[in-house]
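Coordinate analysis (summary)
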Amino acid sequence: MNGELRRFLTILFGSTFLACLLGICLDLVTANVAVEYFSVHHPRILPTENPWALALLWGIIASWWFGAVAGAIVALINYRRQQPLEAIRILKWTAVACVALWMIMISILVTIMAISSTIPVEQRRASFETDRRLVAVAMAHQYEYVLGTIAMLVIAVMTWRSKPLISCMEKIDQSSDEP
């Protein structure tokens, strides 16, 4: 396999893997907050109420395609560069973006839970706790693809505009060429 194809596939599959990892990590939290989000409000693919199993299933199902599309776009941009960047450099940016997205979505979840706790107890319905958990989880997931698209665009621009890293040996060679 030539270097260009290897680099392209590494970015594609690496991005897909990282997106699935992000999906699983987010769903491991949210499925344990409100399993009904997955067991009632999603198609019943796996006949279980187990939040861990549903988090693994939906973390992959809801994320793989986005990671593949985003990875293909970024890999294509990198391929079109005069000097393509190493795949590991792009995947490091992607991993940082995934951590940032997880933190943002968990912050949304925690914020919704905190704000809803300010509702006076006497005004709460019997289903308050279930409702607030479900709403917090739904709000955390609501912007998942929008945030992912923003992250992909940032990584795409960084890929297009970044200068290739020069190794120490190349720097020595360049400095020895100067008069």
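Refer to the preceding data block for the structure.
What counts and how
- Residues numbered from 1 in each chain as written.
- Predicted model: local features only at pLDDT ≥ 70, side-chain atom pairs only at ≥ 80, totals over all residues.
- Heavy atoms only, no water.
- Helix = DSSP H or I, 4+ residues; strand = E, 2+ residues; numbered from the N terminus.
- Buried < 20%, exposed > 50% of the residue type's maximum accessible area, 1.4 Å probe, protein only.
- Contact = heavy atoms within 4.5 Å.
- Expected span 1.5 Å × (residues − 1).
- Bend = angle between axes of the 7 residues up to and from the residue.
- Polar contact = N/O pair within 3.5 Å; in protein donor to acceptor, adjacent residues only side chain to side chain.
- Arc of directions from axis to C-beta.

Bringing the side chain of T94 into the picture now. Relative to the assigned elements, T94 resides in helix α5 (residues 87–116). Residue T94 is classed as buried on the basis of its relative accessible area of 10%. The contacts of T94, once residues within four sequence positions are left out, are S15, L18 and I155.

Before going further, it helps to examine the environment of P43. Here P43 is to be found in the loop between α2 (36–39) and α3 (51–61). The spatial distance from the C-alpha of P43 to the C-alpha of W65 is 17 Å, given a sequence separation of 22 residues.

This brings us to helix α1 (residues 3–33). Look at α1: 45 Å from first C-alpha to last across 31 residues, which is about the 45 Å you get at 1.5 Å a residue. The largest bend in α1 amounts to roughly 25° and is located at D27. The opening residue of α1 is N2, an N-cap whose side-chain oxygen sits 3.3 Å from the backbone nitrogen of E4.

The next subject is α3. Restricting attention to buried positions, one finds in α3 the residues P51, L54, A55, W58 and G59. In a view along the axis of α3, the buried residues occupy a sector of 125°, so they form one face of it. Residues of α3 that are buried make contact with α1 and α2. Between a side-chain oxygen at the N-terminus of α3 and the backbone nitrogen of W52 the separation is 2.8 Å; the capping residue is N50.

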